[in-house]
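Observations on the three-dimensional arrangement
The lines below spell out each chain.
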Amino acid sequence: MHPILGTVLQRILLGVVTLFFVSLIIFSAIEFLPGDFTQAVLGQAATEETVAAFRKELGLDQPAPVRYMEWIQAVMSGDLGTSFSGRNASGIDRSRSVVDLIEPRLWNTLFLAAMAAIVAVPLALFLGITAALYRNSVYDRVVNASTLTTISFPEFFVAYILILFMSQLWFDFPAIASVNAETPFWERVYKCILPALTMTLVIVAHMMRMTRAAIINLLASPYIEMARLKGISKSQVILRHALPNAWAPIATVIAFNLAYLVVGVVVVEVVFVYPGIGQLMVNSVTTRDIPVVQACALIFAATYIILNLIADIIGIVTNPRLLHPR
Amino acid sequence: MSQSNAYSATAEVGQLRERRSRWETIKLELRKAPISAWFGFIVIGCYLFVALFSPLLAPHGEAEIFKTPFAPWDAKHILGTDQIGRDVFSRLIYGATNTIGIALATTLLSFLIGGGLGLAAAITGGWLDQLLSRFVDVLMAIPSLIFALMLLTIFGSSIFSLICIIAVLDSTRVFRLTRSVAINVTVMDYVEAAKLRGEKLGWIMRREILPNIMPPLIAEFGLRFSFVFLTIAALSFLGLGIQPPTADWGSMVRDNASMIQFAKYDITAAMTPMIPAAAIALLTVAVNFVVDWFLHKTSGLNDEH
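Residues numbered from 1 in each chain as written. Chains lettered and ligands numbered in written order. Predicted model: local features only at pLDDT ≥ 70, side-chain atom pairs only at ≥ 80, totals over all residues. Heavy atoms only, no water.

Thoughts on the overall build of chain A
Of regular secondary structure, chain A possesses 14 helices and zero strands. Its helices and strands taken in sequence order, chain A reads α-α-α-α-α-α-α-α-α-α-α-α-α-α from the N to the C terminus. By the burial criterion, 48% of the 326 residues in chain A qualify as buried. Contacts in chain A between residues at least 24 apart in sequence constitute 71% of all its contacts with a sequence separation of at least 6. Looking at chain A as shown, the accessible area adds up to about 16,100 Å², and 67% of this sits on carbon and sulfur atoms. (Helix = DSSP H or I, 4+ residues; strand = E, 2+ residues; numbered from the N terminus. Buried < 20%, exposed > 50% of the residue type's maximum accessible area, 1.4 Å probe, protein only. Contact = heavy atoms within 4.5 Å. Areas by Shrake-Rupley, 256 points an atom, 1.4 Å probe, with all protein chains shown as cover.)

With respect to the packing of aromatic side chains
All chains considered together, the criterion is met by 11 aromatic pairs over all chains. Summarising the aromatic geometry, the rings of A:F156 and B:F237 are spaced 4.5 Å apart at their centres and angled 15° between planes, so their arrangement reads as stacked. One end of the pair, A:F156, is in helix α7 (residues 155-169); the other, B:F237, is in helix α12 (residues 214-237), on a second chain. Measuring from centroid to centroid gives 6.1 Å for A:Y160 and B:F237, while their planes differ by 75°, and the two rings are edge-to-face. (Phe/Tyr/Trp six-rings, centres within 6.5 Å; stacked < 30°, edge-to-face > 60°.)

Section: the nonpolar core
It is characteristic of soluble globular proteins that their nonpolar side chains tend to be buried jointly. In terms of nonpolar packing, the biggest core is built from 150 residues, with A:F156, A:Y160 and B:W249 touching the most fellow members. Per-element tally for this core: the top contributor is helix α5 (residues 98-133) of chain A, with 16 residues. When neighbours within four sequence positions are excluded, B:W249 is seen to be in contact with B:Y47, B:L92, B:G95, B:A96, B:T99, B:I100, B:F229, B:P276, B:A279 and B:I280. In terms of nonpolar packing, the next biggest core, distinct from the first, is built from 15 residues, B:L119, B:A182, B:I204 and B:L217 among them. (Core = buried A, V, L, I, M, F, W, Y, C linked by side-chain atoms within 4.5 Å.)

Overview of the confidence of the model for chain B
A low pLDDT score tells you not to read the predicted coordinates there in detail. Residues and elements named next belong to chain B. Summarising the model, chain B shows a mean pLDDT of 80, and 90% of its residues fall at 70 or more. In this model, residues 301-305 is a region of pLDDT below 50 whose contacts with residues beyond four sequence positions or in other chains number 11 contacts. Here the complex is predicted with pTM 0.81, and the ipTM for its interfaces comes to 0.79. (pLDDT = per-residue confidence, 0-100.)

Describing empty space enclosed by the protein
Residue and element names in this part refer to chain B. In this structure the tally under the stated criterion is three cavities of 30 Å³ or more. What the largest cavity holds in volume is close to 60 Å³. Lining the largest cavity, in full, are S144, L145, A148, I166, L169, D170, F227 and T231. Mapped onto the lining of the largest cavity, the elements with two or more residues apiece are α8 (144-155), α9 (159-186) and α12. Taken together, the residues that form the lining of the largest cavity break down as five nonpolar, two polar and one charged. (1 Å grid on protein atoms, 1.4 Å probe; cavity = no way out; pocket = protein on both sides within 12 Å on 5 of 7 lines; lining within 4 Å. Points joined across faces, edges and corners; volume = space filled by probe spheres on them. Nonpolar A, V, L, I, M, F, W, Y, C, P; charged D, E, K, R; others polar.)

Some thoughts on the environment of B:F53
For B:F53, the location among the structural elements is in the loop between α4 (35-52) and α5 (54-57). As for B:F53 and B:I93, which are separated by 40 residues in sequence, their C-alpha atoms are 8.9 Å apart.

Structural notes on the packing of helix α7 (residues 126-140) of chain B against α9(B)
Residues and elements named next belong to chain B. For the pair α7 and α9, the least separation of the axes is 10 Å and the interaxial angle reads 135°. When the interaxial angle is binned, α7 and α9 end up oblique. Every pair of crossing elements has a handedness; the one defined by α7 and α9 is left-handed. For the pair α7 and α9, the contacting residues are D129, L132, S133, V136, D137, L139 and M140 in the first and T172, R173, F175, R176 and R179 in the second. Looking at the contact of α7 with α9 residue by residue, the classes come out as five nonpolar, two polar and five charged. (Axes fitted to C-alpha atoms, helices over the stretch in contact; angles between N-to-C directions. Parallel < 35°, antiparallel > 145°, perpendicular 65-115°, else oblique. Left-handed = near helix turned anticlockwise from the far one by under 90°.)

Points about the interface of chain A and chain B
It is common to report an interface's size as the accessible area lost on association of the parts. Across the contact, 48 residues belong to chain A and 43 residues belong to chain B. Interface area, chain A with chain B, both sides summed: about 4,000 Å², of which 79% is carbon and sulfur. Here chain A is connected to chain B by zero salt bridges. For the pair chain A and chain B, the number of links is two residue pairs in polar contact (both at pLDDT 80 or more). Partitioning the side of chain A that touches chain B into residue classes produces 36 nonpolar, seven polar and five charged. (Buried area = accessible area lost by both parts, 1.4 Å probe. Salt bridge = Lys/Arg side-chain N within 4 Å of Asp/Glu carboxyl O. Polar contact = N/O pair within 3.5 Å; in protein donor to acceptor, adjacent residues only side chain to side chain.)

Some details on the pattern of salt bridges
Residue and element names in this part refer to chain B. A complete count under the given rule lists nine salt bridges over all chains for this structure. A salt bridge links D137 to R134, with the shortest nitrogen-to-oxygen separation between them at 3.0 Å. One end of the pair, D137, and the other, R134, are both in helix α7, three residues apart, so they sit about a helical turn from each other. On the accessibility criterion, D137 (28% relative accessible area) is partly exposed. Overall, the relative accessible area of 44% leaves R134 in the partly exposed class. Here D137 ties to R176 by a salt bridge, and the two come within 2.4 Å at their closest N and O atoms.

Some details on the side chain of B:T153
Residue and element names in this part refer to chain B. The topology assignment puts T153 in helix α8. Classification of T153 as buried rests on a relative accessible area of 0%. Looking at T153, its side chain comes within polar contact range of the main-chain oxygen of L149, at 2.7 Å.

What to know about the side chain of B:E208
Here B:E208 shows up in helix α11 (residues 201-209). With residues up to four places along the chain from it excluded, the contact list for B:E208 reads B:Y190, B:V191, B:A194, B:R197 and B:W203.

Let's talk about the layout of surface pockets
Residue and element names in this part refer to chain B. There is about 860 Å³ of room inside the second largest pocket. Around the second largest pocket, the lining comprises 29 residues; the ones closest to its centre are F41, I218, V290, W293 and F294. At the level of elements, α3 (22-32), α4, α6 (88-124), α12 and α14 (267-299) are the ones that each hand at least two residues to the lining of the second largest pocket. The greatest single-element share of the lining of the second largest pocket, amounting to eight residues, is contributed by α14. Tallied by class, residues from the lining of the second largest pocket come to 20 nonpolar, four polar and five charged.

Here it is in structure tokens:
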């Protein structure tokens, strides 16, 4: 078997094991709820029977391992359970299934994240690589100082600065990104400009710094020095010697920051009242709606793990040392 | 008489061996520090001063309610009042104590947990190291803000649970760093000697390894502090962190955010929510500048790794 295939399979297996443990942690969230949480959900007036029926519906009358198996099977088949909200003491159940709540919002979030990523990734790579190549120049110093400042800003500060100038004082971009399923594409883009711009600014700073550090690290390695000493041209050094080894760090940087985007979206969605999954999660935390929180956490964590896994695999399959085994 | 004539070798050697005191070294280093680091030090100093003496500095009480909500900036209320009529300037000052204090406590706790376990893992190795490292891998596979949100759902948002949750989640990164730098030191001969001498784990951790891994840990402390500070601010902004009536910068931004829409008519009103946000940003910038300088100085390299 090709050595790369083995390494990649090993890495995928590791990812699956991690996902298993993460799902275990997320599942056990419900175990740690205080014993009287059924009362909190159903209200003080809930009768014994309603409480018992609710506990049975959650499967709390069964041992935890059995429940985990049932839960994970349901999740695999796309059933994330039922929300706690919309229930009351009389036993009338107006709750909605978690999938119904999440699905439209998930698309909104992905749309916003994609919009930010399309601008941010090329821009950050360009800035990072040029800053590394022209290291210690004025350009490098300016880019470096401004990104160091930007990463120190909380996301909501960046967002409100943008709202203040772009939506109130100078231009008239919408400060509230209210979209729904019927919103036409371009209107949706227009409404998402400010949230997408906020995320772009935050992520470009991180990504640019990481790219710069990775490239500088690479250019300091002995084989690059050797290539320079051989006397080949600068572009040849970059294209033939540096670039093949740069894919791995660049992939890591991109994946890390896309993962960051997935998380950073929570605060930005709340600022712009954007109907995404992050806002849903925050609302559910406030109302202590565990099934929804669990589902959101699972989606965020899985995205995070899978993105990092992809970066790992890209790093492996583009590694020149593994491509040409001795 | 005999004393003054006698030649004292110890006195001469003692004189020669006289070194710069630690304070003098620090002063020399500070004189060489770039302007960004100086800026950082001064800002951090001001924040600490305000945080320590907030009850003396604030003109009004932390949760004192006045008649007019959303009052404009004037002599009585320097930065106006908020949505229920509390003095914004006073809350800003009290917010320094609460926000910085909680972030500092969290960072210290996370270093206690992460640093202690990291050192223990590096020294003992074997199954303890494997167990802790794999556990940390799993914890780090979940984005920390998301994990924090989930845990806050379960335990509710009180200041105590907030500190514990963020400290535990953040200690994973401290653990990784401590373990990786400590492992390079544990193979040194003097650690081996201490082990053979029969010293206990705690002694080796404190006296042999910790002094040799201090610089990266101090830099990490700065970085972790600003990260924790931003996380707590974000959670408070989401309404899930520090709860009212405790003054805190994150929730102050949230409470007054709607005032931005009056920017065209009264720019000072729009500034009310921006000032606490700027206060958060300024402190993080200052800490980052200092850490940047410190890393440059201690790593001996002229680039961030």
